[in-house]
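# Structural overview for review
So the chains spell out like this:
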Amino acid sequence: MKAHDEKEVRILLDGKAITCPEGGNLVRVAQENGVYIPTLCFFDHIDPSPGTCRVCTVKVNGKYTAACQATAKAGMEVEVMTPELLDYRKAVVELLFAEGNHICPLCEKSGKCTLQALGYEMHMETPRFPYTFPDRQIDYRPTHLMLEHHRCVQCKRCVEDVFTDDGKPVFFFQQRGKDTVVAVDYEQEARLTPEQAHRAMDICPVGTILLKEDTIEAPGHRKYDHVPISELPPPAATEKPGAVAMVAAAEQKKVVATVSLAGCFGCHMSMLDMDLDLLDLLQLVTFNRSPLTDIKQFTTRCDIGLIEGGCCSDENVEVLRKFRENCDILVSVGACAINGNLPALRNWLPLEQVMTEAYLDAPTADATGLIPHHEDLPKILDKVYPCHEVVKIDYFIPGCPPGADHIYKVVQNILFGTNFDVPYEIFKYD
Ligand code: SF4
Ligand code: SF4
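Since the model is a prediction, treat every value here as computed from it, not as a measurement.

Each value, and the rule that gives it
- Throughout this document, residue positions are counted from 1 along each chain, in the order its sequence is written.
- Whichever chain is written first is A, and whichever ligand is written first is 1; the rest continue in order.
- Confidence filtering applies because this is a predicted model: local features only for residues at pLDDT of at least 70, side-chain atom pairs given and counted only at 80 or more, and all residues used for totals across whole chains, interfaces and linings.
- Only hydrogens and water are set aside when side-chain values are computed; all heavy atoms of the structure are taken into account.
- Nonpolar cores were defined as sets of buried Ala, Val, Leu, Ile, Met, Phe, Trp, Tyr and Cys residues, with membership established by side-chain atoms within 4.5 Å.
- Between buried and exposed lies partly exposed: a residue is buried under 20% and exposed over 50% of the maximum accessible area for its type, with that area taken using a 1.4 Å probe on protein chains only.
- Strands are runs of DSSP state E lasting at least 2 residues, helices are runs of H or I lasting at least 4, and numbering of each runs from the N terminus.
- Domain limits in this description derive from either an automatic procedure or a database domain assignment.
- Note on contacts: a residue pair qualifies if any of its non-hydrogen atoms lie within 4.5 Å across the two residues.
- Every helix has an expected span of 1.5 Å times one less than the residues it contains.
- Whether two aromatic rings pair depends on their centres lying within 6.5 Å, for rings of Phe, Tyr and Trp, where Trp uses its six-membered ring; planes under 30 degrees apart make the pair stacked, over 60 edge-to-face, and the rest tilted.
- In this analysis the charged atom, NZ for Lys or CZ for Arg, is taken to sit over a ring once it is within 6 Å of the ring centre and within 35 degrees of the ring normal.
- Throughout this description, the term salt bridge denotes a Lys or Arg side-chain nitrogen within 4 Å of a carboxyl oxygen of Asp or Glu.
- Between any two strands, pairing holds if DSSP finds at least two bridges.
- Helix axes use the C-alpha atoms of the stretch in contact, all axes being lines fitted to C-alpha atoms, and the angles between their N-to-C directions lie in the range 0 to 180 degrees.
- Within the patch definition used here, like charges are joined within 9 Å and nonpolar side chains (Val, Leu, Ile, Met, Phe, Trp, Tyr) within 5 Å, considering only residues with over 30% relative accessible area and no salt bridge.
- Each accessible area value is a Shrake-Rupley result obtained with a 1.4 Å probe; residue values ignore everything except the protein chains displayed when judging cover.

Once that is clear, we can look at the nonpolar core. Grouped together as the largest cluster of nonpolar side chains are 37 residues, with contacts concentrated most on Val55, Leu115 and Phe171. Only helix H2 (83-99), helix H3 (114-121), strand S7 (145-148), helix H4 (157-161), strand S9 (181-184), helix H6 (194-203) and strand S10 (209-211) provide two or more residues apiece to this core. Formed jointly, this core draws a minimum of three residues from each of two domains, domain 1 (8-81) and domain 2 (104-211). Not counting residues up to four positions away in its chain, the partners in contact with valine 55 are Pro38, Thr39, Leu40, Arg89, Val92, Val93, Leu96, Leu118 and Met122. Counting residues in each nonpolar core, the second largest holds 27 residues, with Leu320, Ala337, Cys387 and Phe396 among its members.

Take helix H10 (residues 314-326) next. The terminal C-alpha atoms of H10, which comprises 13 residues, lie 18 Å apart, in line with the 18 Å expected from a rise of 1.5 Å per residue. Among the residues of H10, Asn316, Val317, Val319, Leu320, Phe323 and Asn326 are the ones counted as buried. Close packing links the buried residues of H10 with strand S11 (254-260), strand S13 (302-308), strand S14 (311-313), strand S15 (327-333) and strand S16 (380-385).

Let us look at the packing of aromatic side chains. Scanning all chains against the criterion turns up 3 aromatic pairs. Pairing tyrosine 64 with tyrosine 88 gives two aromatic rings, centres 4.9 Å apart and planes at 20 degrees, and the pair type is stacked. Of this pair, tyrosine 64 sits in strand S4 (residues 63-66) while tyrosine 88 sits in helix H2; the two residues are 24 residues apart in sequence, bridging distant segments of the chain. Judged by its relative accessible area of 43%, tyrosine 64 falls in the partly exposed class. Taken together, a centroid distance of 4.9 Å and an interplanar angle of 70 degrees make the contact between phenylalanine 298 and phenylalanine 323 edge-to-face. With phenylalanine 298 in the loop between strand S12 (285-287) and S13 and phenylalanine 323 in helix H10, the pair connects residues that are 25 residues apart, well separated along the chain. This pair shows no difference in class: phenylalanine 298 is buried, exactly as phenylalanine 323 is. Its end group placed over the ring of tyrosine 64, lysine 59 keeps NZ or CZ at 4.9 Å from the ring centre.

With that settled, consider the pattern of salt bridges. Note that side chains of opposite charge can pair when their charged atoms are close. Scanning the model with the defined rule gives 16 salt bridges in all. Glutamate 94 serves as the salt-bridge partner of arginine 128, at 2.7 Å between the closest nitrogen and oxygen. On the criterion of sequence distance, the pair formed by arginine 128 in the loop between H3 and strand S6 (138-139) and glutamate 94 in helix H2 is long-range, its members being 34 residues apart. Salt bridges linked by common partners bring Asp87, Glu94 and Arg128 together as one network.

Once that is clear, we can look at the sheet that holds S12. Read from one edge of the open sheet, 5 strands run S12-S11-S13-S15-S17, paired in parallel fashion. Where the open sheet ends on each side, the last strands, each with one partner, are S12 and strand S17 (395-397). Looking at each pair of strands side by side, their axes are set apart by 25 degrees on average, direction ignored. As paired strands, S13 and S15 are joined by 6 bridges and run parallel to one another. Opposite isoleucine 307, over in S15, you have serine 332 as the bridge partner. Running at roughly 95 degrees to S12, helix H9 (residues 277-284) makes contact with S11 and S12 of the sheet.

Moving on to a nonpolar patch on the surface. A contiguous nonpolar patch, built from Phe265, Met269, Leu272 and Leu292 and spanning about 350 Å² of accessible area, is present on the exposed surface. Checked against the element boundaries, leucine 272 lands in helix H8 (residues 266-272). A relative accessible area of 39% places leucine 272 in the partly exposed class.

Judged by how many residues are buried, S13 sits mostly within the fold: 6 of 7 residues are covered. Note: S11 against S13, 5 bridges, orientation parallel. By the bridge assignment for S13, valine 256 is matched with isoleucine 304.

Take unusual backbone geometry next. Residue proline 48 is bonded to the preceding aspartate 47 through a cis peptide linkage, with omega at 5 degrees. Of note, proline 48 is situated in the loop between helix H1 (26-32) and strand S3 (57-60). Between cysteine 400 and proline 401 the backbone carries a cis peptide bond, its omega angle lying at -10 degrees. Although it is not a glycine, asparagine 61 sits at a positive phi angle of roughly 50 degrees. With respect to the helices and strands, the residue asparagine 61 is situated in the loop between S3 and S4. Taking the relative accessible area as the measure of exposure, asparagine 61 reaches 53% and is therefore exposed. The phi torsion at aspartate 294 lies on the positive side, around 65 degrees, for a residue other than glycine. Among the structural elements, aspartate 294 can be located in the loop between S12 and S13. Among the residues examined, aspartate 294 registers a relative accessible area of 53% and is labelled exposed.

Here is the structure:
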């Protein structure tokens, strides 16, 4: 860390006058004065900070600036927590999610990932940008490590801070612009001690650098959870409408439709996990088109449609459009509806390769040697699309699957305006 002049200066931080050392890094100055600026590439050991991610963007004297690249000067005016900047930083995080292949339920770093933690922190539900599903490789060639390039956010921490004992760099950036990729000097990587390799995994803020022969020891406990989930008090009882409201609502029951597109029915299982609450819900709503009723066509207009799964076929698209036409409010329930999730793992392979593997080459392929093809069969799309990229979606309930309590609260909130309190700790993408 660079020593800086200890002369004190006065700056304005979100309109409040503070005194700080001249030349102090703005991320640290803000932190020391109780203002949190989110970061991804910033790391205490790396000075100057790489400044690659722009997640720490603030305004200095009215101009957008990466806080990790700015130092305190007398009279400086710094804006951090304005609605515009909160949204700007959230957009940067959303861009990172949309630009890579981030399928948290499958990721070893889930729970210990800074990008995921920022998503939670910023209450990101789904990126405002379309997912790009880039075609990237997994590199198994290193001796100790493997690199999951699908998840790299090119923060440059590994390039700047992973060296052999004699100071040889292990990682370097190759190519430029959108083609930039982190490459490994395999010879030097093989010389890392097990501790250095472990540190390389830890320094990566996401799930790109992983140890081949070790795993993250505590899956599911998130980096920024204050209390382990196992030690949390049970969630407060869901607030239910009072007797009068229940009777009034029951006289004018709301109509719910549900569907599973390219999903595993896990979200529907979760809905059934409402247990006795389902009986309360049934006093307030009736189910129309849904696998729960086996009603296959809409027979009335619905107040709310709950969608599980993304779109992998033309039939999914048609069904989803029908739901949009027939429901006042549409909710994407679960990771598959929101980002494609597991079914979207095929998105970075050509469809032909996927079909050949599934129907011809797989050990479980039958002996016919045919890829099913008939005009009555749904046509498989080139990739799996999240629902909001096909129709307008009004609300999102993340999770794989989201908890029953979470779904119940959202439905009650949307239909009856009851208080909606989902504690941070049970709000999960994984
Ligand atoms: S947990 Fe894994 S998949 Fe999810 S944001 Fe982090 S790196 Fe990406
Ligand atoms: S591999 Fe990890 S540490 Fe290296 S640039 Fe990518 S995200 Fe950053």
